Amino acid sequence: MFTRSVAHRIPLRAFKRWAHTTPTMNYRSVTEEDVAHFAKILAPSSVLSTLAPVSTPASELSIYNNDWMNKYHGKSTTVLRPKTTKEVSEIVKWCNERRIAIVPQGGNTGLVGGGVPIIDEVILNLGNMNKIRSFDPVSGIIVADSGCVLEAMSEYLVPHHYIMPLDLGAKGSCQIGGNVSTNAGGLRLLRYGSLHGSVLGLEVVLPDGTILDQLSTLRKDNTGYDLKQLFIGAEGTLGVVTGVSILSAPAPNASSNVMLALPKYENVLPLFREVKRQLSEILSAFEFIDRRAYELAVKHGQGRALNDEDVEGAECFVLVETSGGKREHDEEKLNTLLESLMEADEPLINTGVLSQSPLQFSQLWAIREGITEAVSKEGKAYKYDISIPVASFKTVVDTTRDHLQSKGLLRDDAVKHVVGYGHVGDGNLHLNIVAAEYSPEIESALEPFVYELVQSYKGSVSAEHGIGVMKTHALQYSKNATSIDLMRRIKTLFDPNGIMNPGKVLP
Ligand SMILES: Cc1cc2nc3c(=O)[nH]c(=O)nc-3n(C[C@H](O)[C@H](O)[C@H](O)COP(=O)(O)OP(=O)(O)OC[C@H]3O[C@@H](n4cnc5c(N)ncnc54)[C@H](O)[C@@H]3O)c2cc1C
């Protein structure tokens, strides 16, 4: 029977790739004259530079120069933290005229090295632009500076009974401008769709400093090309997003979740079909966690471990969330589902752990949300965030593990684990290879192997994290030559001097 409670029961590498693929790029490094100019535009606390006249200790720039995974390391001398769109515009104009390259940076939680410099580009960090500009309680449209932290926006909406249409494990640090620029997916995409639908307008500083004001609050607007879509997922290569208008969603009156333990992976798809059929409009998340990913989360203190008897014999887990308008109605639906699953002649699940309180609800989510962090605590992660048919999730994880085994790399001092988890509801698998250290040997065993595997399923090499610096060479596995050529022409149109986040996205 069901458990009713949780508790009781390049730097060199990147540099080489850059130097190799962009030999004609010719950017100027920031000089003391530039820093003196930035100091005239910005408040003193908004300019960090190891150069005179500011002379910040290099150690203070370290968090901006290194990415979240500590995999990509830049050597920027200067970090600028503007407070207004006008300041952003003046900085960008100056840099464009002097051919100084810029990396726009939000919360620096990106997982493909897009938000840190490759060499010594200026880092334009948007964290000081963090004001909510307006909120309409009737339409639910919220307009905010791009540096607003996602979690802060969610908290702002609570008393108004709305929620942000996206949620992710990095919500405490990532910014809405970074979310838009990566077209972040996350845990609510199944219910609320992608940012291409919920973002209604953007304010963007173009690479020549022009402010493009498209901060519309209209649900419908068919007046020609929808330019804002180009910046959603552009990873800072076309301009700096400074303002975002986004449609929030009415807060559900009741939410519940249950962790289901499955005896075999093959049951995931039939389970998804059944869950969708029975829960229909109240289903809000369907997340997949393989056994090793679960064990790593628990080992590194993410959430609260399930009881041994709930885990026993489970090959993988699925976290189902419901969100709806009426608690009794939703609970009845969920209970009916759980009973039918357990009483089936050939049950798809071994057992399930249903949360009984807000604390238990959060503890179950913490297991799933904490996997990214657990993986990075366990070792150095090679992260492949791929879209493939759901039926092939397990094959892809197993094939990758077998491949590494055949190369003799599956051992404690090389590759420690191959794990899979992700957003089954969106066909998005996070394939993580956890190594003792980043090494060229492991990387060459994984690439292009993984990308070719993805291509064989006609999948995408980046479901939601973007291309950044990590996957520029892999873009060709998911985009044909005509598409890449068109992307390049769009880039040149917006940014003829190529100052905006060079070496990212386009090979
Ligand atoms: C624990 C954890 C869990 C995560 N879970 C998810 C998940 O479920 N789904 C998901 O999609 N991602 C996830 N991510 C990845 C990451 O959080 C997202 O990509 C997020 O959207 C990045 O936002 P950021 O503000 O940190 O951007 P950054 O990392 O600072 O930048 C990311 C990219 O956007 C550009 N950029 C940032 N701000 C701007 C701006 N204002 N204008 C123009 N360009 C800009 C940067 O140049 C860079 O290319 C996770 C990361 C972590 C660490």
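Residues numbered from 1 in each chain as written. Predicted model: local features only at pLDDT ≥ 70, side-chain atom pairs only at ≥ 80, totals over all residues. Heavy atoms only, no water.

As named in an unreviewed UniProt entry, the chain is FAD-binding PCMH-type domain-containing protein, taken from Phlebiopsis gigantea. The UniProt entry for the chain carries the following text under Catalytic activity (unreviewed entry): "(R)-lactate + 2 Fe(III)-[cytochrome c] = 2 Fe(II)-[cytochrome c] + pyruvate + 2 H(+)". In its Sequence similarities (unreviewed entry) section, UniProt records this for the chain: "Belongs to the FAD-binding oxidoreductase/transferase type 4 family." (UniProt positions renumbered as here; feature names shortened; annotations may be inferred.)

Now for the overall build of the chain. Looking only at helices and strands, the chain features 19 helices and 18 strands. A compact globule built from 507 residues should have a C-alpha radius of gyration of about 23 Å, and the chain, at 23 Å, falls within 12% of that. With respect to the principal axes defined by its C-alpha atoms, the chain has extents near 75 × 60 × 45 Å. Here the chain holds 507 residues, and the buried ones make up 55% of them. A total of about 21100 Å² of accessible surface is found on the chain, and carbon and sulfur atoms cover 53% of it. Across the chain, the 50 positively charged side chains and the 58 negatively charged ones have centroids separated by 4 Å. (Helix = DSSP H or I, 4+ residues; strand = E, 2+ residues; numbered from the N terminus. Rg over C-alpha atoms; globule rule 2.2 N^0.38 Å. Buried < 20%, exposed > 50% of the residue type's maximum accessible area, 1.4 Å probe, protein only. Areas by Shrake-Rupley, 256 points an atom, 1.4 Å probe, with all protein chains shown as cover. Lys, Arg positive; Asp, Glu negative; His and termini not counted. Charge placed at Lys NZ, Arg CZ, Asp CG, Glu CD.)

Next up on the list: the side chain of D330. Positionally, D330 belongs in helix α13 (residues 327-343). In this structure, D330 is buried with no salt-bridge partner, the nearest side chain bearing the opposite charge being K333 at 6.8 Å. From its side chain, D330 meets the backbone nitrogen of G324 in a polar contact 3.2 Å long. Within the structure, D330 has its side chain in polar contact with the side chain of H329 (distance 2.9 Å). Setting aside residues up to four positions removed in sequence, D330 forms contacts with A254, I282, S323, G324 and G325. (Salt bridge = Lys/Arg side-chain N within 4 Å of Asp/Glu carboxyl O. Polar contact = N/O pair within 3.5 Å; in protein donor to acceptor, adjacent residues only side chain to side chain. Contact = heavy atoms within 4.5 Å.)

To continue, consider the sheet that holds strand β3 (residues 102-105). Strand order in the open sheet made by the four strands is β1-β2-β4-β3, with mixed pairing throughout. Either end of the sheet is taken by a strand with one partner, and the two such strands are β1 (47-49) and β3. Strand-to-strand twist in this sheet, taken as the mean axis angle between neighbours without regard to direction, amounts to 20°. Bridge count for β1 against strand β2 (residues 78-80) is three bridges, and the pairing is antiparallel. Opposite L48, over in β2, you have V79 as the bridge partner. Relative to β1, helix α2 (residues 32-41) is tilted by about 165°, and along the sheet it contacts β1, β2 and β4 (122-125). Where helix α4 (residues 85-98) meets the sheet, its contacts fall on β2, β3 and β4, and the angle it forms with β4 comes to roughly 165°. (Pairing = 2+ DSSP bridges. Axes fitted to C-alpha atoms, helices over the stretch in contact; angles between N-to-C directions.)

Among the 36 residues in the neighbourhood of the ligand, the closest are listed as P104, G106, G107, T109 and G110. At 3.4 Å, a backbone N or O of G186 approaches a nitrogen atom of the ligand. The separation between an oxygen atom of the ligand and a polar main-chain atom of E235 is 3.1 Å. In the complex, the protein chains occlude 97% of the 970 Å² of accessible area that the ligand would expose alone. (Near = heavy atom within 4 Å.)

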